[in-house]
Amino acid sequence: QVQLVESGGGLVQAGGSLRLSCAASGRTFSSYAMGWFRQAPGKEREFVAAISGSGAMTYYAPSVKGRFTASRDNAKNTVYLQMNSLKPEDTAVYYCAADPSYQVVVGGRGLGSWGQGTQVTVSS
């Protein structure tokens, strides 16, 4: 497992942008696929984006495709989520997660490691 710490959340107006970061511990970061998930009040946690260990493959939820971009810097043990054209419905706690399997991350279940989350609030 890896230890994960998210940062970069905050309050932004609709149409604005934020970039979330997730820093990971360990020397085998590139062997982990990474995912971003979010949970809004009163709703279940939902998948947002996945990125493979090398960064060559990405996958997005339909609700964010074209607006959000996942990337990673394996030299810095960090994964990012660039969020553009934010909408009030994007308001949620955002979590990063890691698993050796890209398919597990895309499936959103059974991931081995989770961060503590960072709040994103989009005002209308």
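Everything numeric here is computed off the predicted structure, so don't read it as measured data.

Overview of the pairing of strand β8 (residues 78-83)
Counted residue by residue, β8 has five buried out of six residues, so it is predominantly covered. When strand β7 (residues 68-73) meets β8, the two strands line up antiparallel, connected through six bridges. Of the residues in β8, the one forming a bridge with Phe68 is Met83. Here β7 folds back onto β8, and the loop between the two strands holds four residues, one of which, Asn77, carries a positive phi near 55°.

Structural notes on the packing of aromatic side chains
Taken as a whole, this structure holds three aromatic pairs when the rule is applied. A centroid spacing of 5.7 Å and a plane angle of 75° characterise the contact between Phe37 and Phe47, whose relative ring orientation is edge-to-face. Here the residue Phe37 occupies a position in strand β4 (residues 33-39), and Phe47 occupies one in strand β5 (residues 46-51), the gap between them amounting to ten residues. Measuring from centroid to centroid gives 5.7 Å for Phe47 and Tyr59, while their planes differ by 35°, and the two rings are tilted.

A word on the environment of Lys65
Residue placement: Lys65 occurs in the loop between β6 (58-60) and β7. For Lys65, a relative accessible area of 63% translates into the label exposed.

Points about the state of the cysteines
For the structure shown, the criterion picks out one disulfide. Here Cys22 connects covalently by a disulfide to Cys96, the sulfurs 2.0 Å from one another. Its S-S torsion of approximately 50° makes the covalent link between Cys22 and Cys96 right-handed. Pair noted here: Cys22 is in strand β3 (residues 18-24) and Cys96 is in strand β9 (residues 92-99), with a separation of 74 residues, a long-range link.

Quick look at the sheet that holds β8
Strand order in the open sheet formed by four strands is β1-β3-β8-β7, and the pairing between neighbours is antiparallel. Whereas interior strands pair on both sides, the edge strands pair on one side only; in this sheet they are β1 (4-7) and β7. Strand-to-strand twist in this sheet, taken as the mean axis angle between neighbours without regard to direction, amounts to 15°. Of the pairings in the sheet, the one linking β3 to β8 comprises six bridges and is antiparallel in character. From the neighbouring strand, Ser21 faces β8, where its bridge partner is Tyr80.

A closer look at the side chain of Thr118
With respect to the element layout, Thr118 can be found in strand β11 (residues 118-123). A distance of 3.2 Å separates a polar side-chain atom of Thr118 from the backbone nitrogen of Gly9. For Thr118, the residues in contact, after removing those within four places along its chain, are Glu6, Ser7, Gly8, Gly9, Leu20, Ala92, Val93 and Tyr94.

Thoughts on the pairing of β9
For β9, a buried count of seven out of eight residues is recorded, marking the element as mostly surrounded by other parts of the structure. Across seven bridges, the pairing between β4 and β9 is antiparallel. Considered in β9, the bridge of Met34 is made with Ala98. With three bridges connecting them, β9 and β11 associate as antiparallel partners. Opposite Tyr94, over in β11, you have Thr118 as the bridge partner. With two bridges joining them, β9 and strand β10 (residues 113-114) adopt antiparallel strand pairing. Across the sheet, the residue bridging to Ala97 is Trp114, located in β10.

Analysis parameters
- Residues numbered from 1 in each chain as written.
- Predicted model: local features only at pLDDT ≥ 70, side-chain atom pairs only at ≥ 80, totals over all residues.
- Heavy atoms only, no water.
- Buried < 20%, exposed > 50% of the residue type's maximum accessible area, 1.4 Å probe, protein only.
- Helix = DSSP H or I, 4+ residues; strand = E, 2+ residues; numbered from the N terminus.
- Pairing = 2+ DSSP bridges.
- Phe/Tyr/Trp six-rings, centres within 6.5 Å; stacked < 30°, edge-to-face > 60°.
- Disulfide = S-S within 2.5 Å.
- Axes fitted to C-alpha atoms, helices over the stretch in contact; angles between N-to-C directions.
- Polar contact = N/O pair within 3.5 Å; in protein donor to acceptor, adjacent residues only side chain to side chain.
- Contact = heavy atoms within 4.5 Å.

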